[in-house]
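Listed here are the chains, written in short residue letters.
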Amino acid sequence: MLNIPIIMKNKITKFKTGAIRDIQIGKEDYIETISWTAMKRFAQYMTGKKSKYGQGNFKKGIPIESYEQSLVRHLQKYLANKYENGNIEKEEDHLSAMLFNVFGIIHEEERKI
């Protein structure tokens, strides 16, 4: 038996069981909007970097310009390897490194708000 919610006027969802919750409209959807496959690869990348940089090192604050410089370097290496038969740091996950830098920029922008 499906437990399909009924949305009430006062922004409460009531389930057939009688349980109620706030409605989900307008709230972030972390289930349907994130690739958990990509997130796993990124988490593996980040876990591998803990021994070099320490846990949560980026949370101490890194200038956005540093993230931007690193982002572009990893982009260049990724594209050179992919399209120009490059052999630049092939063991490095440049896509995850780019994601780290993009997340870092977002992290710093949000910290400044």
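As a reminder, the structure under discussion sits directly above these lines.
Before going into details, it helps to say that this report is about the structure given with it. Note that the coordinates shown come from a computational prediction; the quantities given were computed from them, not determined experimentally.

Our focus in this paragraph is the side chain of serine 96. Turning to its location among the elements, serine 96 is positioned in helix H3 (residues 94-111). Here aspartate 93 takes part through its side chain, which lies 2.7 Å from a polar atom of the side chain of serine 96. Excluding its chain neighbours within four sequence positions, the residues that come into contact with serine 96 are Arg41, Phe42 and Tyr45.

For H3, which comprises 18 residues, the first-to-last C-alpha distance of 25 Å matches the rise-based estimate of 26 Å (1.5 Å per residue) to within 8%. If you check which residues of H3 are buried, you get His94, Ser96, Ala97, Met98, Phe100, Asn101, Gly104, Ile105 and Glu108. In this fold, the buried residues of H3 make contact with helix H1 (36-53) and helix H2 (64-83).

What follows deals with the packing of aromatic side chains. Counting across every chain of the model gives 4 aromatic pairs. Plain terms: the ring middles of phenylalanine 42 and tyrosine 45 are 6.5 Å apart, the flat faces sit at 20° to each other, and that makes the pair stacked. Here the residue phenylalanine 42 and the residue tyrosine 45 both occupy positions in helix H1, the gap between them amounting to 3 residues, near one helical turn. The two residues phenylalanine 42 and tyrosine 45 agree in class, both being buried. Between tyrosine 67 and phenylalanine 100 the ring centres are 5.7 Å apart and the planes differ by 65°, which places this aromatic pair in the edge-to-face class. Note that tyrosine 67 is positioned in helix H2 and phenylalanine 100 in helix H3, a separation of 33 residues in sequence.

A few words now on the environment of lysine 11. Mapped onto the fold, lysine 11 is located in the loop between strand E1 (6-7) and strand E2 (12-14). Note: C-alpha distance between lysine 11 and glutamate 65 (54 residues apart in sequence) is 43 Å. For lysine 11, the residues in contact, after removing those within four places along its chain, are Arg21, Asp22 and Ile23.

Moving on, we come to the pattern of salt bridges. Applying the stated criterion across every chain, the model contains 5 salt bridges. Aspartate 93 is the salt-bridge partner of arginine 41, the closest N and O atoms lying 2.8 Å from each other. With arginine 41 in helix H1 and aspartate 93 in the loop between H2 and H3, the pair connects residues that are 52 residues apart, well separated along the chain. Residue classification places arginine 41 among the partly exposed residues on the basis of a relative accessible area of 41%. The salt bridge partner of arginine 111 is glutamate 108, with a shortest N-O separation of 3.3 Å.

Okay, the nonpolar core next. Counting 8 residues, the largest nonpolar core is built from Phe42, Tyr45, Ile62, Ile64, Tyr67, Ala97, Phe100 and Ile105. Take this core: its biggest share by element is 3 residues, from H3. Residue contacts for isoleucine 62: discarding those within four places in its chain leaves Asn57, Tyr67 and Glu108.

About the thresholds
Throughout this document, residue positions are counted from 1 along each chain, in the order its sequence is written. At least 70 in pLDDT is required for a residue's local features to be given in this predicted model, at least 80 for side-chain atom pairs to be given and counted, and no such filter applies to totals for whole chains, interfaces and linings, which use all residues. For the side-chain quantities, the full set of heavy atoms in the structure was used; hydrogens and water were omitted. Labels follow the DSSP assignment, with helices taken as runs of H or I lasting at least four residues and strands as runs of E lasting at least two, numbered in each case from the N terminus. Polar contact is the term for a pair of N or O atoms within 3.5 Å; when the atoms are in protein, one must be able to donate a hydrogen and the other to accept it, and sequence-neighboring residues count only if both atoms are side-chain atoms. The criterion used for residue contact is that any of the two residues' heavy atoms lie within 4.5 Å. Helix span, as expected, comes to 1.5 Å for every residue beyond the first. Relative accessibility decides the category of a residue: with a 1.4 Å probe and only protein chains considered, values under 20% of the type maximum give buried, values over 50% give exposed, and everything between is partly exposed. Stacked, edge-to-face and tilted are the three classes for Phe, Tyr and Trp ring pairs, Trp counted by its six-membered ring, which pair at centre distances within 6.5 Å; planes under 30 degrees apart are stacked, over 60 edge-to-face, the rest tilted. For this analysis, a salt bridge means a side-chain nitrogen from Lys or Arg found within 4 Å of a carboxyl oxygen belonging to Asp or Glu. Throughout, nonpolar core names a set of buried Ala, Val, Leu, Ile, Met, Phe, Trp, Tyr and Cys residues whose side chains join them through atoms within 4.5 Å.

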